[in-house]
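# What the coordinates show
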Amino acid sequence: MKLNQNSISSKLYRWFYGTKILPNNLCPYFWKVVLMYLTIIPYTLFSIPVVVYDMFDKDYSNGERKTGDRLGISAGVYIGILTVTSLITAIVGFFTPIETKSFWEFCQVLGCIVWFALIVFGGIEGVKYLREYSTTDESYYSETEKKWVYKKTKVNLTTEFIKAKYNKYCPKIDWIDNK
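The structure reproduced in this document is the subject of the present report. Predicted, not measured: the structure shown is a model, and the values here were computed from it.

## A short note on the pattern of salt bridges
- Inspection of every chain in the model, using the stated rule, returns one salt bridge.
- Where K128 meets E125, a salt bridge forms, and the shortest distance between an N and an O atom there is 3.3 Å. One end of the pair, K128, and the other, E125, are both in helix α5 (residues 103–134), three residues apart, so they sit about a helical turn from each other.
- Residue class for E125 comes out partly exposed when judged on its relative accessible area of 33%.

Structure, rendered in structure tokens:
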């Protein structure tokens, strides 16, 4: 049996399955084409972000992107759009009334949860960064003492003041000339 490699079915097959090689056997090709024609409309509608991107990509060639890649990238784009919409809706919800039991109420609740998670995560990471930035410890293993020696290389003024106030002592300051 002879089939044209440039027919619409073979081009769609290469695009849908992300392959440049067409099968040599009719049976698997036929059933894959049947499955492709049954699912191509919902698949294409779900994959619109990647399909549009591929249309404008000058380096794209047919069969370059796999089906799972298209679905995963599209799902990521849709989740990103939902997250941004939820974040904006959460802010707008403070100024305007939103109907109950609607998609916008869901977005407002999701947005508040995402804002809370971002603030908590940002706070934790900010404290970690500030702690690491304000005090850097130099540690090494001492062979003579047979233990780890920790030496502070940078002192945090606020921390040292709080320690001094708590322990009711006033430490002596040794000024170093860094020229």
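## Focus on a nonpolar patch on the surface
- A cluster of nonpolar side chains, I41, L45, F46, I48, V52, M55, F56, L71, I73, V77, Y78 and I81, forms an exposed patch at the surface whose accessible area comes to about 1100 Å².
- Top element by residues in the nonpolar patch is helix α4 (residues 67–92). It accounts for five residues.
- Tracing the backbone through its elements, the reader meets I41 in helix α2 (residues 26–46).

## Describing the packing of helix α3 (residues 48–56) against α4
- At their nearest, the axes of α3 and α4 sit 7 Å apart, and the two run at 110° to each other. One way to sum up the angle between α3 and α4 is to call them roughly perpendicular. Residues I48, P49, V50 and D54 of α3 form the contact with α4, whose participating residues are R70, I73, S74, V77 and Y78.
- Here the residues of the contact of α3 with α4 sort into six nonpolar, one polar and two charged.

## Regarding the packing of aromatic side chains
- Throughout the structure, instances matching the rule amount to nine aromatic pairs.
- When the centroid spacing of 4.9 Å and the interplanar angle of 80° are considered together, the rings of F16 and Y17 count as edge-to-face. In this structure, F16 and Y17 share a single accessibility class: buried.
- Judged by centre distance (5.4 Å) and plane angle (70°), the rings of F103 and W104 are edge-to-face.
- The class for W104 is partly exposed, based on a relative accessible area of 45%.
- By the ring-pair criterion, three or more aromatic residues cluster together here, those being Y13, W15, F16, Y17, Y29 and Y43.
- The aromatic ring of Y17 is capped on one face by K32, whose charged end is 5.3 Å from the ring centroid.

How each quantity is defined
- Residues numbered from 1 in each chain as written.
- Predicted model: local features only at pLDDT ≥ 70, side-chain atom pairs only at ≥ 80, totals over all residues.
- Heavy atoms only, no water.
- Salt bridge = Lys/Arg side-chain N within 4 Å of Asp/Glu carboxyl O.
- Helix = DSSP H or I, 4+ residues; strand = E, 2+ residues; numbered from the N terminus.
- Buried < 20%, exposed > 50% of the residue type's maximum accessible area, 1.4 Å probe, protein only.
- Patch = residues over 30% accessible without salt bridge, like charges linked within 9 Å, V, L, I, M, F, W, Y side chains within 5 Å.
- Areas by Shrake-Rupley, 256 points an atom, 1.4 Å probe, with all protein chains shown as cover.
- Axes fitted to C-alpha atoms, helices over the stretch in contact; angles between N-to-C directions.
- Parallel < 35°, antiparallel > 145°, perpendicular 65-115°, else oblique.
- Contact = heavy atoms within 4.5 Å.
- Nonpolar A, V, L, I, M, F, W, Y, C, P; charged D, E, K, R; others polar.
- Phe/Tyr/Trp six-rings, centres within 6.5 Å; stacked < 30°, edge-to-face > 60°.
- Lys NZ or Arg CZ within 6 Å of the ring centre and 35° of its normal.

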